[in-house]
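Per-entry structural report
Residue strings, one per chain:
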Amino acid sequence: MNYEELLIEMEKYKDTMTDMERGLAYFKGEEVDRIPYTLIDHDTAAPLYGYTIGEYRKSMDVQCDIMEKMKIEFDLSGSEVGLGLKSIGEALGSTVVYPENGMDYVSDFVLKDYSILDTMNIIDPYKDGRLPDLIDKIRFLKKHYPEMIIATDVAGPFTTAASIRKPENVLRDVIKDKENLHRLLDFSVKCSLVWVEAVCKELGPVPVNIGDPVGSLSLINVKQFEEFSKPHLKDLIDGIKNITGFTPSIHICGKTKGIWTHLVEIGIKSLSIDNCEDLEEAKLLVGDKLALAGNVPPVEVMRDGTIDDVIEAVKVCLRKGSDNPMGYMLFAGCQVPLGTPRENLHAFAYAAKKYGRGAQRGELCKGLFD
C-alpha cells in the first residue's frame, strides 16, 4: 500500500469514542470501538511539525501546538508530564546535556563517591533542577485544558540511580558495593515518591507510569533483580499506590521474561513489553494477572520499515495479545525514535483502527476476522 492509498483507506475508520470513554469501558470488560493504543511522544514528534527538540523543550506554546495537532492528526489526547529518566539526577547535581536536535544525556554524574550521598537531600520539586518548570507545565495544562487526562511518570530505582551515579559504576556496585547500592536505590525511591506527591498536590490523584531500562535483564541477571531491584521497585509501587490510589504500570526495555512472575508479585497493573520478547508467551505466563502492552518493533519496523511492514506488525501483535485475559494495549516495543516517517505513524493508527475494531478484554479483536 502506498501513502496516498493509506490516507484514503484511513477515512473508513473513524473513532466513535474518546480515549477516556474507551479506556474506562474496555477495562470494565465492555466492547469498544477499537483497541486502546499509544503512538509517539510529543517531544519526539516535534520535527513532524517543523520544530526542533530544543524548541519543544523551551516553549509551552510549541508544546501545546504539537499536542493539538497530534490530537487532530492521530486522534491522540491527554498528556504526560513526567520526570523522564534523568531529571532526578539533574535535580541532585548531575549535568544533563540537551542537544537542539537530539535526545538528552548525562555528561557528568554527581555521585562519584558514596560519601557524597550522606550530604544529599531528597529533591524539592519546587526548587531543584528543571522540576519547577515541569510543575509550571502541569499548572498551565490544568488551567487551559481542564478536561485533559494528565498522567506522570517516574524512573525505576535502578534507572534513577544511574542518573545520579555513572551507570557502569552502579552495575559494578551490584557485586562490589552492595550495601551502598541499596542505600542509593532507597534514596532514589524516596525522590521519586516526593515527585508523585507534588503532582498529586497540583492535580489530585493521577496515573503513574514507571520506566526502568537499567533494571532490564539485558543488564542484570534474575538473581541480581531479586536482590536489588525487586525490593526497591516494590517500595516504589507501594508508595505510588498509597499516594495516588492507583496501581502503576511499568515498561522495562530489553529482556524481561525471567522477571515476569516477580513483577506480578510486587503488584504492578500492566506490563509494557519490548519487541525482543514474545507477547504470546507473556500472555500465557502472566496474562491472567496483568494487562499487557506492546510490542511493535520501534526501530526495525516503525522507523525503518514500510507502510506494509507496520500494518503487518500491528496485526501480529493484535493476534498475539488482544485476547489477553486482563487486557491489552497496542504500543511500540519501546519509545518510537526520532526520524520515524509520518506515513508509518499513520499506518500504525490505520492498522489499530481497522484490525483492532471491536476490542474487548479477553477476546481477539473483531477487526482481525473481517
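Owing to the predicted nature of the structure, the values given are computational and were not obtained by experimental measurement.

1. Focus: helix α14 (residues 307-321)
With 15 residues, α14 should reach 21 Å at 1.5 Å per residue; the first-to-last C-alpha distance of 21 Å fits that figure. Where α14 is concerned, the buried positions are I307, V310, I311, A313, V314, K315, C317, L318 and G321. Packing partners of the buried residues in α14 comprise α1 (3-10), α12 (279-286), β9 (291-296), α13 (298-303), β10 (328-332) and α15 (342-355).

2. Overview of the sheet that holds strand β6 (residues 208-211)
Taken together, the seven strands give an open sheet; going across it, the order is β2-β5-β6-β7-β8-β9-β10, and neighbouring strands pair in parallel fashion. Single-partner strands in this sheet number two, and they are β2 (79-80) and β10.

3. Quick notes on the UniProt feature "domain: Uroporphyrinogen decarboxylase (URO-D)" (unreviewed entry) in the chain
UniProt tags residues 19-355 as "domain: Uroporphyrinogen decarboxylase (URO-D)" (unreviewed entry). Within the segment residues 19-355, helix and strand shares are 49% and 12% respectively, and the terminal C-alpha atoms sit 18 Å apart.

4. Remarks on the pairing of strand β5 (residues 150-155)
With respect to burial, β5 is a largely interior element, six of its six residues being buried. Here β2 pairs with β5 via two bridges, running parallel. The partner of S79 across the bridge, within β5, is I150. Pairing analysis gives four bridges linking β5 to β6, with the strands arranged parallel. Bridge assignment links D153 to a residue of β6, and that residue is N209.

5. Observations concerning the packing of aromatic side chains
Inspection of the entire model under this criterion finds three aromatic pairs. Taken together, a centroid distance of 5.9 Å and an interplanar angle of 70° make the contact between Y13 and Y350 edge-to-face. Of the two residues, Y13 is situated in the loop between α1 and α2 (19-27) and Y350 in helix α15; the sequence distance between them amounts to 337 residues. Each member of the pair Y13 and Y350 is classed as buried. Aromatic pair Y26 and F27: ring centres 5.0 Å apart, planes at 85°, arrangement edge-to-face. Residue classification places Y26 among the buried positions, given a relative accessible area of 0%. The class of F27 is partly exposed, set by a relative accessible area of 29%. Between the NZ or CZ atom of K269 and the centre of the ring of F27, over which it lies, the distance is 6.0 Å. Directly above the ring of Y49 sits R342, whose terminal nitrogen or CZ lies 5.2 Å from the centroid.

Rules of the game
- Residues numbered from 1 in each chain as written.
- Predicted model: local features only at pLDDT ≥ 70, side-chain atom pairs only at ≥ 80, totals over all residues.
- Heavy atoms only, no water.
- Helix = DSSP H or I, 4+ residues; strand = E, 2+ residues; numbered from the N terminus.
- Expected span 1.5 Å × (residues − 1).
- Buried < 20%, exposed > 50% of the residue type's maximum accessible area, 1.4 Å probe, protein only.
- Contact = heavy atoms within 4.5 Å.
- Pairing = 2+ DSSP bridges.
- UniProt positions renumbered as here; feature names shortened; annotations may be inferred.
- Phe/Tyr/Trp six-rings, centres within 6.5 Å; stacked < 30°, edge-to-face > 60°.
- Lys NZ or Arg CZ within 6 Å of the ring centre and 35° of its normal.

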